[in-house]
Amino acid sequence: MTATAVTELQIRALIDAVDRADRAGDRGEAERALARARAAAPDDPRVLNAAGMRALLGGDAGGARPLLERAAALDPGSPMLWLNLALAHRELKDEDAERDALERALVADPRFFPALLQKARLFERQGKPKQAAFMYHAFLCCVPGGPLPPAVKSAIEHADEILKNNDAALEAFLRPRVDEARARHAGERLERFDAVFDTLVGKRRVFAPQPTFMLYPRLPAIEFLDREHFPWLAAFEAAADEIRAEARAALAQAADDFVPYISKPAGSPVDQWLELNNSKRWSTFFLFKNGERVEEHLARCPRTAALLEAAPLCEIRGHAPTAFFSVLAPKTRIPAHTGVTNTRFIVHMALVVPPSCGFRVGAETREWREGRAWVFDDTFEHEAWNDSDKPRIVLIFDVWNSFLAPAERDLVGVLTAGVQEYGEGESPFRQGG
């Protein structure tokens, strides 16, 4: 056994001795064991953490903070050390420092549920119920299954109550806007809209398909839609050569304008997007983005722009349409995911498709055919891959779900805009595919 290994074992043994003495109520022995640990390894983050937490639990948050700061600085990849530092800041009533430490914990591990819980509690103490509800929801999503300590069970119950209150507040916020919009459509059948409203405010359970934002119930649940519902696809297919030429020219002349489709900030739970986050392995050249025209790009692609103008694009100010050339690099897979809402469909127009490319929606797998388009419901789990040695290029854009009535489309727009306003500018509408 090496000297380093012996030292490692000794450090663990000394820290364990501190814990055992504290549990036994032998304060003197705990202090002696801690002194031995600090003498043996004064800059070991675990020893510093043990000393800091012992001071914190003893009521000396001021003495604990520098020890915990030093521990976290020595091992910044440990979310627990940042969480402990946040607890010291909390006792010292330094809310800015507490939040900073919690953010560092979540950068180290975005799904570290104790830090999510502590951040939710911080927002709650600060009187920020919307932010608290968001973080309590994140906490609930990340709590592991299996037996849980009583304290965690209690936190889950509290989180559920906070989310119920937030749902009620959201309903109260949205109801006047919805009622005003409904008045424009007196006599229309809006049962499906009523169901989606109840779903959004927590009064109705969501079943598959599984959108990440809004489920509109009682719509046909179809992975790939029949072409007969979309006669305008023929115009795109007739112009396939021109669209393909514009996409290739954009890629050749404005490569820097092709940006990563997945771009999540540090500290976000990237989950299945880890390999593609901020990567040009899946890049996009936006023509429309979140309802805004990208004029410079549209000017580069006049034939594509004209066809998009004539298509029944999903139009929700600040949210949709989104249209772009999607480039999937060789040997790249877009992992399985679901879209935000079934109130719109996604169109794929295949432009450059080398062999060994494929696409799956639900249980159905298809191969793209250059010059051909299809329409699908992306609230079904779907994935794409390019196993070839060449890039794959597809035109992607969103259109209204063809089974929605004009009144329902209007109300969906009102509801989506209301959710964004309630969330203080954060858009829930994001295309995938």
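Reading guide: rules and limits
- Residues numbered from 1 in each chain as written.
- Predicted model: local features only at pLDDT ≥ 70, side-chain atom pairs only at ≥ 80, totals over all residues.
- Heavy atoms only, no water.
- Helix = DSSP H or I, 4+ residues; strand = E, 2+ residues; numbered from the N terminus.
- Buried < 20%, exposed > 50% of the residue type's maximum accessible area, 1.4 Å probe, protein only.
- Contact = heavy atoms within 4.5 Å.
- Areas by Shrake-Rupley, 256 points an atom, 1.4 Å probe, with all protein chains shown as cover.
- Lys, Arg positive; Asp, Glu negative; His and termini not counted.
- Charge placed at Lys NZ, Arg CZ, Asp CG, Glu CD.
- Phe/Tyr/Trp six-rings, centres within 6.5 Å; stacked < 30°, edge-to-face > 60°.
- Polar contact = N/O pair within 3.5 Å; in protein donor to acceptor, adjacent residues only side chain to side chain.
- Pairing = 2+ DSSP bridges.
- Axes fitted to C-alpha atoms, helices over the stretch in contact; angles between N-to-C directions.
- Expected span 1.5 Å × (residues − 1).
- Arc of directions from axis to C-beta.
- Core = buried A, V, L, I, M, F, W, Y, C linked by side-chain atoms within 4.5 Å.
- Salt bridge = Lys/Arg side-chain N within 4 Å of Asp/Glu carboxyl O.
- pLDDT = per-residue confidence, 0-100.
- Parallel < 35°, antiparallel > 145°, perpendicular 65-115°, else oblique.
- Left-handed = near helix turned anticlockwise from the far one by under 90°.

### Observations concerning the overall build of the protein chain
Next up, step 1: If you tally the helices and strands in the protein chain, you get 15 helices and 11 strands.
Next up, step 2: A principal-axis box enclosing the C-alpha atoms of the protein chain has dimensions of 85 × 55 × 40 Å.
Next up, step 3: For the protein chain, the residues scored as buried account for 50% of the 433 residues in total.
Next up, step 4: Residue pairs in contact within the protein chain that sit at least 24 positions apart in sequence constitute 69% of those at least 6 positions apart.
Next up, step 5: Within the structure as shown, the protein chain displays about 20,900 Å² of accessible surface, and the carbon and sulfur contribution to it stands at 51%.
Next up, step 6: Within the protein chain, the 63 negative side-chain charges are centred at a point lying 2 Å from the centre of the 55 positive side-chain charges.

### Some details on the packing of aromatic side chains
Next up, step 1: Counted according to the given criterion, the structure contains 20 aromatic pairs.
Next up, step 2: Plain terms: the ring middles of F224 and W374 are 5.3 Å apart, the flat faces sit at 75° to each other, and that makes the pair edge-to-face. Here F224 is found in the loop between α10 (191-200) and α11 (233-238), whereas its partner W374 is found in strand β9 (residues 373-376), with 150 residues between them in sequence. Just as F224 is buried, W374 falls in that class too.
Next up, step 3: Where F359 meets W374, the ring centres are 5.7 Å apart and the plane angle is 20°; that geometry is what we call stacked. Of the two residues, F359 is situated in strand β7 (residues 357-361) and W374 in strand β9; the sequence distance between them amounts to 15 residues.

### Concerning the environment of T338
Next up, step 1: Within the secondary structure, T338 sits in the loop between β5 (332-337) and β6 (344-352).
Next up, step 2: Considered as a pair, T338 and L276 are 62 residues apart in the sequence and their alpha carbons are 16 Å apart.
Next up, step 3: When sequence neighbours within four positions are dropped, the list of residues in contact with T338 reads Q210, T212, D378, T379, F380, E381 and H382.
Next up, step 4: Among the polar contacts made by the side chain of T338, one reaches the main-chain carbonyl oxygen of Q210 at a distance of 2.9 Å.

### Observations concerning the sheet that holds β5
Next up, step 1: Strands sit in the order β5-β10-β7-β8 across an open sheet of 4 strands; the sheet is antiparallel. Unpaired on one side and paired on the other, β5 and β8 (364-366) mark the two borders of the sheet. Averaged over all pairs of adjacent strands, the angle between their axes in this sheet comes to 10°, without regard to strand direction.
Next up, step 2: As judged from the 3 bridges shared by β7 and β8, these two strands associate in the antiparallel manner. Note that in β8 the partner of F359 across the bridge is R366.

### Digging into helix α3 (residues 45-57)
Next up, step 1: Relative to the 18 Å expected for 13 residues at 1.5 Å per residue, α3 spans 18 Å between its end C-alpha atoms, a close match to the ideal helical length.
Next up, step 2: Within α3, 11 of the 13 residues are buried, leaving the element largely enclosed by the surrounding structure.
Next up, step 3: Among all positions in α3, only P45, V47, L48, N49, A50, A51, G52, M53, R54, A55 and L56 are buried.
Next up, step 4: G59 lies just past α3 and shows a positive phi near 95°.

### Thoughts on helix α14 (residues 302-310)
Next up, step 1: All buried positions along α14 are accounted for by T304, A305, L307 and L308. The buried residues of α14 occupy an angular sector of 165° when projected down its axis, which confines them to one face.
Next up, step 2: Along its buried surface, α14 packs onto α11, α12 (240-253), β2 (282-289), α13 (295-300), β4 (323-328) and β11 (392-400).

### Side note on the nonpolar core
Next up, step 1: Membership of the largest hydrophobic core comes to 55 residues, with the highest contact counts inside it found for L56, L116, Y136 and F139.
Next up, step 2: The residues contacting L56, other than those within four sequence positions of it, are A61, A64, N84, L87, A88 and E91.

### Let's talk about the pairing of β6
Next up, step 1: By the criterion of burial, β6 is predominantly enclosed, with 9 of the 9 residues buried.
Next up, step 2: The sheet contact formed by β6 and β11 spans 8 bridges and is antiparallel. Bridge pairing links H348 to I396 in β11.
Next up, step 3: As defined by bridge partners, β6 adjoins β9 across 4 bridges and the pair is classed as antiparallel. Bridge pairing in β9 places M349 opposite A373.

### Overview of the pattern of salt bridges
Next up, step 1: A complete count under the given rule lists 32 salt bridges for this structure.
Next up, step 2: Here R32 ties to E29 by a salt bridge, and the two come within 3.2 Å at their closest N and O atoms. Of the two residues, R32 and E29 are both situated in helix α2 (residues 27-40); the distance of 3 residues between them amounts to about one turn of the helix.
Next up, step 3: Under the relative-accessibility criterion, R32 is labelled partly exposed at 46%.
Next up, step 4: Under the relative-accessibility criterion, E29 is labelled partly exposed at 25%.
Next up, step 5: When the shortest N-O distance is used, the salt bridge between E91 and R90 registers 3.1 Å.
Next up, step 6: Overall, the relative accessible area of 30% leaves R90 in the partly exposed class.
Next up, step 7: Three or more residues joined by partner-sharing salt bridges are found here, namely R333, R360, E381 and E383.

### As for the confidence of the model for the protein chain
Next up, step 1: Residue-level pLDDT values for the protein chain average 92, and 97% of them are 70 or greater.
Next up, step 2: The model gives residues 1-6 a pLDDT under 50, and that stretch makes 2 contacts with residues more than four places away or in other chains.

### Focus: the packing of α10 against helix α15 (residues 406-422)
A pair of packed helices is captured by two measures, namely the crossing angle of their axes and the spacing between those axes.
Next up, step 1: The N-to-C vectors of α10 and α15 enclose an angle of 15°; their axes lie 10 Å apart at closest approach. By the angle between their axes, α10 is roughly parallel relative to α15. Both α10 and α15 take part in a crossing whose hand is right-handed. Counted together, R192, F193, V196, F197 and L200 of α10 and E408, L411, V412, L415 and V419 of α15 form the full contact between these two elements.

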